[in-house]
Amino acid sequence: MADPGAEKPETAEDAGTAEDARSGEDAGSGEQAGSTKQDTPGYELPLLLFAGFRSLIDQLHAELALQGHPDVRPAYGFAMQAIGREGATAVTIGRRLDISKQAAGKTVDRLEALGYAERTEDPTDARRKLVRLTPRGYDALARSAAIFDQLRATWAWRIGPNRLQALESDLRTLTTDTGPGPGPGPHTLGATLDATGWLSTD
(Lines give C-alpha, C1' and ligand atoms only; values in the text may rest on other atoms or scores of the structure.)
Protein backbone atom coordinates (compact mmCIF):
# COMPACT_ATOMS: atom_id res chain seq x y z
CA MET A 1 0.00 0.00 0.00
CA ALA A 2 1.34 3.41 -0.96
CA ASP A 3 2.55 5.67 1.83
CA PRO A 4 0.21 8.73 1.84
CA GLY A 5 3.11 10.84 3.05
CA ALA A 6 5.41 9.88 0.18
CA GLU A 7 6.25 12.47 -2.45
CA LYS A 8 4.39 12.29 -5.73
CA PRO A 9 6.68 11.14 -8.61
CA GLU A 10 7.71 14.03 -10.78
CA THR A 11 6.32 13.96 -14.32
CA ALA A 12 8.12 15.37 -17.36
CA GLU A 13 5.82 18.40 -17.34
CA ASP A 14 6.40 18.93 -13.62
CA ALA A 15 10.13 18.69 -14.21
CA GLY A 16 9.93 21.27 -16.97
CA THR A 17 7.85 23.62 -14.82
CA ALA A 18 10.21 23.28 -11.87
CA GLU A 19 13.21 23.86 -14.10
CA ASP A 20 11.50 26.93 -15.60
CA ALA A 21 11.07 28.33 -12.12
CA ARG A 22 14.69 27.67 -11.20
CA SER A 23 15.86 29.25 -14.44
CA GLY A 24 13.78 32.32 -13.70
CA GLU A 25 15.33 32.62 -10.26
CA ASP A 26 18.83 32.33 -11.73
CA ALA A 27 18.08 34.97 -14.37
CA GLY A 28 16.96 37.37 -11.68
CA SER A 29 19.98 36.88 -9.46
CA GLY A 30 22.60 39.63 -9.42
CA GLU A 31 25.66 38.20 -11.12
CA GLN A 32 23.75 35.94 -13.52
CA ALA A 33 21.42 38.67 -14.79
CA GLY A 34 24.03 41.23 -15.79
CA SER A 35 27.11 39.07 -16.11
CA THR A 36 28.86 38.22 -19.35
CA LYS A 37 30.73 35.36 -17.72
CA GLN A 38 30.86 32.41 -20.09
CA ASP A 39 30.32 29.04 -18.46
CA THR A 40 30.70 26.93 -21.63
CA PRO A 41 33.04 27.31 -24.63
CA GLY A 42 31.50 29.21 -27.52
CA TYR A 43 32.14 26.40 -29.99
CA GLU A 44 29.77 24.08 -28.13
CA LEU A 45 26.68 26.10 -29.13
CA PRO A 46 26.80 25.35 -32.88
CA LEU A 47 27.77 21.75 -32.13
CA LEU A 48 24.78 21.29 -29.81
CA LEU A 49 22.42 22.95 -32.29
CA PHE A 50 23.70 20.79 -35.12
CA ALA A 51 23.56 17.65 -32.95
CA GLY A 52 19.91 18.38 -32.17
CA PHE A 53 19.15 18.96 -35.86
CA ARG A 54 21.02 15.84 -36.92
CA SER A 55 19.30 13.73 -34.27
CA LEU A 56 15.86 14.77 -35.51
CA ILE A 57 16.77 14.35 -39.19
CA ASP A 58 18.36 10.92 -38.66
CA GLN A 59 15.33 9.67 -36.73
CA LEU A 60 13.01 11.12 -39.37
CA HIS A 61 14.73 9.30 -42.22
CA ALA A 62 15.02 6.04 -40.32
CA GLU A 63 11.25 6.10 -39.80
CA LEU A 64 10.58 7.23 -43.38
CA ALA A 65 12.55 4.22 -44.61
CA LEU A 66 10.35 1.93 -42.53
CA GLN A 67 7.27 3.60 -43.98
CA GLY A 68 8.26 3.01 -47.60
CA HIS A 69 10.57 5.92 -48.43
CA PRO A 70 14.14 4.60 -48.04
CA ASP A 71 15.57 6.80 -50.80
CA VAL A 72 14.59 10.20 -49.38
CA ARG A 73 17.53 12.36 -48.37
CA PRO A 74 17.46 15.63 -46.37
CA ALA A 75 18.13 17.69 -49.50
CA TYR A 76 15.18 16.06 -51.26
CA GLY A 77 12.86 17.09 -48.46
CA PHE A 78 13.95 20.72 -48.74
CA ALA A 79 13.56 20.56 -52.53
CA MET A 80 10.05 19.11 -52.29
CA GLN A 81 9.11 21.89 -49.89
CA ALA A 82 10.49 24.39 -52.41
CA ILE A 83 8.38 22.86 -55.18
CA GLY A 84 5.26 23.33 -53.08
CA ARG A 85 1.65 22.50 -53.85
CA GLU A 86 1.43 24.72 -56.91
CA GLY A 87 4.64 23.51 -58.52
CA ALA A 88 7.61 25.67 -59.46
CA THR A 89 10.18 26.19 -62.19
CA ALA A 90 13.81 25.18 -61.71
CA VAL A 91 14.69 28.88 -61.44
CA THR A 92 12.17 29.37 -58.62
CA ILE A 93 13.31 26.21 -56.82
CA GLY A 94 16.91 27.39 -57.04
CA ARG A 95 15.99 30.81 -55.66
CA ARG A 96 14.01 29.31 -52.77
CA LEU A 97 16.93 27.05 -51.85
CA ASP A 98 19.57 29.69 -52.61
CA ILE A 99 21.30 27.45 -55.14
CA SER A 100 21.96 27.71 -58.87
CA LYS A 101 19.42 26.71 -61.53
CA GLN A 102 21.81 23.93 -62.57
CA ALA A 103 22.02 22.52 -59.02
CA ALA A 104 18.25 22.72 -58.70
CA GLY A 105 17.91 20.90 -62.02
CA LYS A 106 20.12 18.04 -60.84
CA THR A 107 18.06 17.66 -57.67
CA VAL A 108 14.84 17.66 -59.70
CA ASP A 109 16.34 15.01 -61.99
CA ARG A 110 16.93 12.80 -58.97
CA LEU A 111 13.46 13.41 -57.55
CA GLU A 112 11.98 12.58 -60.94
CA ALA A 113 13.98 9.36 -61.18
CA LEU A 114 12.75 8.32 -57.72
CA GLY A 115 9.14 9.13 -58.56
CA TYR A 116 8.72 12.10 -56.20
CA ALA A 117 8.38 14.84 -58.83
CA GLU A 118 7.62 15.29 -62.51
CA ARG A 119 8.13 17.96 -65.13
CA THR A 120 4.95 19.22 -66.76
CA GLU A 121 3.93 21.95 -69.20
CA ASP A 122 3.32 25.36 -67.65
CA PRO A 123 -0.30 26.24 -68.55
CA THR A 124 0.57 29.94 -68.50
CA ASP A 125 3.71 29.72 -70.65
CA ALA A 126 4.35 26.90 -73.13
CA ARG A 127 8.06 27.71 -73.17
CA ARG A 128 8.49 26.80 -69.51
CA LYS A 129 8.41 23.55 -67.59
CA LEU A 130 6.85 23.29 -64.15
CA VAL A 131 8.08 20.80 -61.59
CA ARG A 132 5.22 19.24 -59.66
CA LEU A 133 5.09 16.72 -56.87
CA THR A 134 3.68 13.29 -57.61
CA PRO A 135 1.37 11.42 -55.21
CA ARG A 136 4.47 9.69 -53.89
CA GLY A 137 6.06 13.08 -53.21
CA TYR A 138 2.99 14.28 -51.32
CA ASP A 139 2.96 11.06 -49.32
CA ALA A 140 6.59 11.52 -48.29
CA LEU A 141 5.92 15.09 -47.13
CA ALA A 142 2.77 14.11 -45.22
CA ARG A 143 4.57 11.27 -43.46
CA SER A 144 7.51 13.58 -42.65
CA ALA A 145 5.17 16.10 -41.01
CA ALA A 146 3.56 13.39 -38.88
CA ILE A 147 6.94 11.98 -37.83
CA PHE A 148 8.24 15.44 -36.88
CA ASP A 149 5.16 15.89 -34.67
CA GLN A 150 5.97 12.61 -32.93
CA LEU A 151 9.62 13.60 -32.47
CA ARG A 152 8.63 16.97 -31.03
CA ALA A 153 6.27 15.21 -28.60
CA THR A 154 9.18 13.04 -27.48
CA TRP A 155 11.33 16.11 -26.79
CA ALA A 156 8.45 17.70 -24.89
CA TRP A 157 8.15 14.56 -22.76
CA ARG A 158 11.88 14.55 -22.03
CA ILE A 159 12.39 18.17 -21.00
CA GLY A 160 8.84 19.40 -20.41
CA PRO A 161 6.54 21.27 -22.81
CA ASN A 162 7.22 24.67 -21.24
CA ARG A 163 10.97 24.38 -21.68
CA LEU A 164 10.57 23.16 -25.25
CA GLN A 165 8.26 26.06 -26.14
CA ALA A 166 10.74 28.49 -24.56
CA LEU A 167 13.58 26.92 -26.56
CA GLU A 168 11.62 27.25 -29.79
CA SER A 169 10.73 30.86 -28.99
CA ASP A 170 14.34 31.74 -28.20
CA LEU A 171 15.66 30.10 -31.37
CA ARG A 172 12.98 31.87 -33.42
CA THR A 173 14.11 35.19 -31.96
CA LEU A 174 17.80 34.49 -32.49
CA THR A 175 17.41 33.33 -36.08
CA THR A 176 15.32 36.33 -37.13
CA ASP A 177 17.10 39.04 -35.11
CA THR A 178 18.81 41.66 -37.26
CA GLY A 179 19.50 44.20 -34.52
CA PRO A 180 22.90 45.25 -33.18
CA GLY A 181 24.72 42.69 -31.11
CA PRO A 182 27.82 42.41 -28.97
CA GLY A 183 29.67 40.04 -31.26
CA PRO A 184 31.84 40.66 -34.32
CA GLY A 185 30.28 41.47 -37.67
CA PRO A 186 26.64 42.12 -38.60
CA HIS A 187 24.24 40.64 -36.11
CA THR A 188 22.06 39.02 -38.76
CA LEU A 189 21.39 35.41 -37.86
CA GLY A 190 18.59 34.61 -40.28
CA ALA A 191 19.95 32.64 -43.24
CA THR A 192 18.86 30.66 -46.25
CA LEU A 193 19.71 26.98 -46.33
CA ASP A 194 21.80 25.70 -49.21
CA ALA A 195 20.20 22.28 -48.99
CA THR A 196 22.20 20.67 -51.78
CA GLY A 197 25.39 22.40 -50.72
CA TRP A 198 25.95 21.03 -47.23
CA LEU A 199 23.32 18.28 -46.97
CA SER A 200 24.44 15.43 -49.17
CA THR A 201 22.13 14.19 -51.90
CA ASP A 202 24.11 10.97 -52.32
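See above for the structure.
Residues numbered from 1 in each chain as written. Predicted model: local features only at pLDDT ≥ 70, side-chain atom pairs only at ≥ 80, totals over all residues. Heavy atoms only, no water.

What is the right way to look at unusual backbone geometry in this model?
Most peptide bonds adopt trans geometry, and most residues besides glycine take a negative phi value. Non-glycine residue Asp 98 carries a positive phi angle of around 60 degrees. Mapped onto the elements, Asp 98 comes out in the loop between α5 (90-97) and α6 (101-114). (Helix = DSSP H or I, 4+ residues; strand = E, 2+ residues; numbered from the N terminus.)

Is there a simple way to think about the packing of helix α7 (residues 135-159) against helix α8 (residues 161-176) in this case?
Packed helix pairs are characterised by how far apart their axes lie and by the angle those axes make with each other. Contact pair α7 / α8: the axes reach a minimum separation of 6 Å and the direction vectors enclose 120 degrees. Where α7 approaches α8, its residues Arg 152, Trp 155, Ala 156 and Ile 159 are matched on the opposing element by Pro 161, Arg 163, Leu 164, Gln 165 and Glu 168. Its residues assigned to classes, the contact of α7 with α8 shows five nonpolar, one polar and three charged. (Axes fitted to C-alpha atoms, helices over the stretch in contact; angles between N-to-C directions. Contact = heavy atoms within 4.5 Å. Nonpolar A, V, L, I, M, F, W, Y, C, P; charged D, E, K, R; others polar.)

How should I be thinking about the pattern of salt bridges in this particular structure?
Side-chain pairs of opposite charge can arise where the charged atoms are in close proximity. On inspection of all chains with the given rule, the structure shows six salt bridges. Among the ionic pairs, Glu 112 bridges to Arg 119, the shortest N-O distance being 2.6 Å. Residues Lys 129 and Glu 121 are paired through a salt bridge, measuring 2.8 Å at the closest nitrogen-oxygen approach. Since its relative accessible area comes to 45%, Lys 129 is described here as partly exposed. According to the relative accessible area criterion, Glu 121 is partly exposed, its value standing at 47%. Each of Asp 109, Glu 112 and Arg 119 takes part in a single network of salt bridges with overlapping partners. (Salt bridge = Lys/Arg side-chain N within 4 Å of Asp/Glu carboxyl O. Buried < 20%, exposed > 50% of the residue type's maximum accessible area, 1.4 Å probe, protein only.)

I keep staring at the nonpolar core and nothing clicks. Help me out?
If you look at soluble globular proteins, the nonpolar side chains tend to sit buried side by side. In this structure, Met 80, Ile 83, Ile 93, Leu 111 and Tyr 116 are the most contacted members of the largest nonpolar core, which totals 25 residues. Listing elements by their share of this core, those giving two or more residues are α3 (44-66), α4 (74-83), α5, α6, β2 (125-133) and α7. Contact partners of Met 80, with chain neighbours within four places excluded, come to Leu 111, Tyr 116, Leu 133, Gly 137, Ala 140 and Leu 141. (Core = buried A, V, L, I, M, F, W, Y, C linked by side-chain atoms within 4.5 Å.)

What's the story with a nonpolar patch on the surface in this structure? I'm lost.
Taken together, the side chains of Leu 45, Leu 49, Leu 167, Leu 171 and Leu 174 present a nonpolar region at the surface, about 420 Å² in accessible area. At the level of elements, α3 and α8 are the ones that each hand at least two residues to the nonpolar patch. Among the elements that take part in the nonpolar patch, α8 stands out by supplying three residues, more than any other. Turning to its location among the elements, Leu 45 is positioned in helix α3. (Patch = residues over 30% accessible without salt bridge, like charges linked within 9 Å, V, L, I, M, F, W, Y side chains within 5 Å. Areas by Shrake-Rupley, 256 points an atom, 1.4 Å probe, with all protein chains shown as cover.)

Shape is all these values report; function is a separate question.
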